[in-house]
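In case you want the letters, here they are:
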Amino acid sequence: MSLIYVRRKSDEPPTIKIVVVSLVVFIVIVFIGVFLLMLISGYELRDLVNIFFDYRNLLSPEVIRYTMIIALLSLALLINVAGGFINLGGEGLIALSMLAFLIASIYNLGILTGFILSILLLIAWASIPYLSKIYLESSDVLVSFLQNFIALFIINHIVAHVFRGELARPRSPPIDPSINLHYVSQGSILYNYLGRVSIESIIMLIIAIVFLSYLLSETKTGYSLRLLSHSIKTASISGVNIPRSIFLNLLISAILLSFASAELLLGGERRIFYNENAKIGIGSMSFGLGYVSLSIAILSVRKPYISLLYSYILALGYMMVFLSYGFYRLVLGVAIVGLSLLSVLLSELLLRYEVRLSWRLRR
Amino acid sequence: MAFETLILQILSMGSILIFGVLGEILSEKSGVVNLAIEGSIALGAASAYAATIHFDNCLIGLFIGILSGVAPALLLILLSIYLPLNMIVVGIMSSSIFSAISIVIGNLVPRLPQKRLVLLSEEFTIYLIFMISLMFSVLLYIVLRRRIGLIIRSVGEDPYTAFSMGINIWKIRTLSTLVSGSLGGLVGSLMILMPMVSVIWREGLTSGWGYILVAITPASLWNPLIGILLGIFMGMISFLSIALQTSGLIPLSTDLANLLPYFLAALLYILVRGLFLRKLIVVPRALAKEFVLEERYE
């Protein structure tokens, strides 16, 4: 007779245990999944091992660039999660933020206006699921997820009809060279590692990790956010200023998201591409980063600095996606979203629940 | 476009969506939000297509499509019903993994036009499937008001009280989610095989319909008879967007037309769930809440 024994552990696991368990699960689930899918796509196991374990790939500028982008996105969504808002709308938010930079480029508004426009747009867009959750009791996950499709189709309409570039395939015109971030110069010793990452993003990431770790664990605002995530009623009775907490949450998240999308747009092709997979809810530029960042955010909500480690591992996973070709690239892109979510769920299960299987009938 | 053709198109898409809404109503009545239905639809469509091409028989394709729809639901059952993990996140995770698998399955066979499900004539088939979906709605309506329906509703309202009355919560939730998953498989299969709707399978063909179904289900007030109207309404919307583009009455790009069902689903969900349902008692109280007992004996 089957028996599943499930008991929620009363005590919070130590940090080292959280790191080790979630890392092991993350690596096992994501990498085995991606390895299997890539093997189906025709890669030899030897090639895969060479790609992954080549030290030049492990610290290549592209891996470090994606680590930065994923880490910034994760921290942006982490503050949402800490405030009780499971924001699955990352893909749409990245796309809208890029639109803000495109508008700033087309109308010669400068990068600062681009950032301000992006922050305002993101606050307005993300407030829909958050406010409807708090005041209308609807599911933030479902609404923010549906928003991805809406945002991606809006961007598609804009790049195909409103701001269409000169090329035959629908894509935006290139971003004006005046809208740019600062990069390590080619002569520098750091160029071989940080050549593709902007200095602004590195500074912002360091500030964000320190600031969020302090804000969430040491300040009254952090306490208010955590209370809001626990129970809106309790937060209200305890005298928490709910609108202020919501605004602060969305503002910090929007600033970090804007930096992440600026890095993605300005450090890459410098054009917004038509989202071919908008019907799957995956953007051409972000390629599922909005979803995987949420899984990192959930995993590292108690310790924001852990997100850097997960981001690095996922950046390596993404390199595998980019190295694949044809329709398998799409398969891997979709699969990595599910696999990273699965790793989060299993880590949660192993860390916070005691689960035992037994075939012995106890009465 | 002839009026009769438009009606047939709306009925064909509408009856497909009715099955999906009914599946979601059944699982939500027992407290399970089946977001894995997106994966069921994707896998159902790809499997039905591959099987129809391989066996050159659309009935086998339909059968395999329905069966394969159960797989994403099984993952949801394992992680959210038997283990206490967040069912919304599990649903999206299951959908993503099985959507990826569906792309692999759909590409196993050569990209050829598949046979359509035609019994006597296309019109007769559409009316027949529409009648079956109506009968299924009425059947579910009756079932939910019988003793078994009372058990399902009690599990969705207060699983702990139901458990103390001797009801096996896991069994009820598992069965309703399995039925919901197989109906998701049916939705995917029919999107490939149904006359007037059927097209050659391609990646992302059915994407988003599962999430739309979950979003519009609260608007049915979990009543299968209202579910019929909702299915037909969404069927109308899906063809309205195409009709608006082809007629040229409103200058609407393909992208904005594609956006319409998602926008309406989100709007309908926020308005109905937030503004109206909070004041009504029809929302299953244990909806999307995992059931965890410290120890379990079976």
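Residues numbered from 1 in each chain as written. Chains lettered and ligands numbered in written order. Predicted model: local features only at pLDDT ≥ 70, side-chain atom pairs only at ≥ 80, totals over all residues.

(A) Fine view of the overall build of chain B. Helix and strand content of chain B: 12 helices and 0 strands. Against the globule reference of 19 Å for 298 residues, chain B gives a C-alpha radius of gyration of 19 Å, in line with a compact fold. A principal-axis box enclosing the C-alpha atoms of chain B has dimensions of 55 × 40 × 35 Å. Taken across its 298 residues, chain B has 56% of its residues classed as buried. Partitioning the contacts of chain B with sequence separation of at least 6, the portion at a separation of at least 24 is 82%. (Helix = DSSP H or I, 4+ residues; strand = E, 2+ residues; numbered from the N terminus. Rg over C-alpha atoms; globule rule 2.2 N^0.38 Å. Buried ≥ 20, exposed ≤ 12 C-beta atoms within 10 Å, placed from the backbone. Contact = placed C-beta atoms within 7 Å.)

(B) Representation of the overall build of chain A. In terms of regular secondary structure, chain A is built from 15 helices and 2 strands. In terms of C-alpha radius of gyration, chain A reaches 21 Å, essentially the compact-globule figure of 21 Å for 363 residues. Seen through its principal axes, chain A has C-alpha atoms that stretch 75 × 60 × 40 Å. Looking at chain A residue by residue over its 363 residues, the buried ones come to 48%. Contacts in chain A between residues far apart in sequence, at least 24 positions, make up 77% of those at least 6 positions apart.

(C) Quick peek at the packing of helix 2 (residues 37-55) of chain B against helix 4 (residues 70-82) of chain B. Residues and elements named next belong to chain B. Between helix 2 and helix 4, whose axes approach to 7 Å, the crossing angle comes to 155°. Taken together, the axis directions place helix 2 and helix 4 in an arrangement best described as roughly antiparallel. The chirality of how helix 2 crosses helix 4 is right-handed. Counted together, Gly39, Ser40 and Leu43 of helix 2 and Ala71, Pro72 and Ala73 of helix 4 form the full contact between these two elements. When its residues are assigned to classes, the contact of helix 2 with helix 4 shows 4 nonpolar, 2 polar and no charged. (Axes fitted to C-alpha atoms, helices over the stretch in contact; angles between N-to-C directions. Parallel < 35°, antiparallel > 145°, perpendicular 65-115°, else oblique. Left-handed = near helix turned anticlockwise from the far one by under 90°. Nonpolar A, V, L, I, M, F, W, Y, C, P; charged D, E, K, R; others polar.)

(D) Region of the structure containing the interface of chain B and chain A. Across the contact, 45 residues belong to chain B and 49 residues belong to chain A. Among the elements that take part in the side of chain B that touches chain A, helix 12 (residues 254-276) of chain B stands out by supplying 13 residues, more than any other. Broken down by class, the residue content of the side of chain B that touches chain A amounts to 28 nonpolar, 9 polar and 8 charged.

(E) Molecular detail of the packing of helix 6 (residues 111-136) of chain A against helix 7 (residues 140-162) of chain A. Residue and element names in this part refer to chain A. The contact between helix 6 and helix 7 brings their axes to 9 Å, and the two run at 160°. As the angle between them shows, helix 6 and helix 7 are arranged roughly antiparallel. Both helix 6 and helix 7 take part in a crossing whose hand is right-handed. The residues of helix 7 that touch helix 6, namely those facing Trp125, Ile128, Pro129, Tyr130, Ser132 and Lys133, are Asp140, Val143, Ser144 and Gln147. Classifying every residue of the contact of helix 6 with helix 7 by side-chain character gives 5 nonpolar, 3 polar and 2 charged.

(F) Local environment of helix 6 of chain A. Residues and elements named next belong to chain A. For helix 6, with 26 residues, the first-to-last C-alpha span of 37 Å sits near the 38 Å given by 1.5 Å per residue. Within helix 6, the axis deviates most sharply at Ser127, by approximately 40°, and proline Pro129 lies no more than four positions further along. Positive backbone phi, at 60°, marks Glu137, one or two positions downstream of helix 6. (Expected span 1.5 Å × (residues − 1). Bend = angle between axes of the 7 residues up to and from the residue.)

(G) The nonpolar core, seen in detail. Within the largest apolar cluster, 200 residues are counted, with the highest numbers of intra-cluster contacts made by A:Ile70, A:Leu72, A:Leu146, B:Ala45, B:Ala215 and B:Ile216. Not counting the four nearest positions on each side in its chain, A:Leu72 is found in contact with A:Ser201, A:Met204, A:Leu205, A:Leu256, A:Phe259, A:Ala260 and A:Glu263. Counting 6 residues, the second-largest nonpolar core is a separate cluster that includes B:Val155, B:Ala162, B:Ile172 and B:Phe291. (Core = buried A, V, L, I, M, F, W, Y, C linked by C-beta atoms within 7 Å.)

(H) Fine view of the environment of A:Ser144. Residues and elements named next belong to chain A. Turning to its location among the elements, Ser144 is positioned in helix 7. Ser144 sits 96 residues away from Val240 along the chain, and the two C-alpha atoms are 25 Å apart. In this structure, Ser144 is in contact with Asn87, Leu88, Gly89 and Pro129, ignoring residues within four places of it in sequence.

(I) Summary view of the environment of B:Ser102. Residue and element names in this part refer to chain B. Here Ser102 shows up in helix 5 (residues 87-106). Ser102 sits in the buried class, given 34 other C-beta atoms within 10 Å. Taking the C-alpha atoms as reference points, Ser102 and Asp56, 46 residues apart in sequence, are found 19 Å from one another. Setting aside chain neighbours within four positions, we find Ser102 in contact with Ala42, Leu43, Ala45 and Ala46.

(J) View of helix 12 of chain B. Residues and elements named next belong to chain B. In a regular helix each residue adds 1.5 Å, so 23 residues correspond to 33 Å; helix 12 covers 33 Å between its end C-alpha atoms and thus fits that length. The largest bend along helix 12 measures about 30° and falls at Leu260, with the proline Pro261 one to four residues further on. Taken as a whole, helix 12 has its buried residues at Asp255, Ala257, Asn258, Leu259, Pro261, Tyr262, Ala265, Ala266, Tyr269, Ile270 and Arg273.

(K) Layout of the environment of A:Ile206. Considering the arrangement of structural elements, one finds A:Ile206 in helix 9 (residues 199-218). Along the backbone, A:Ile206 and A:Tyr305 are 99 residues apart, and their C-alpha atoms lie at a distance of 9.4 Å.

(L) Quick peek at unusual backbone geometry. Residue and element names in this part refer to chain B. A positive phi angle is found at Leu221, which is not glycine, with a value near 55°. Structurally, Leu221 is set in the loop between helix 10 (209-216) and helix 11 (224-247). With a phi close to 60°, Trp222 is a non-glycine residue in the positive phi region. Looking at the secondary structure, you find Trp222 in the loop between helix 10 and helix 11. Take Trp222: there are 23 C-beta atoms within 10 Å of it, and that puts it in the buried class.

(M) Region of the structure containing the confidence of the model for chain B. Of all residues in chain B, 95% have pLDDT values of 70 or greater, and the mean over the chain is 86. Here helix 11 of chain B stands out as the least confident element of chain B, with mean pLDDT 82; helix 9 (residues 169-193) of chain B is the most confident, with 94. (pLDDT = per-residue confidence, 0-100.)

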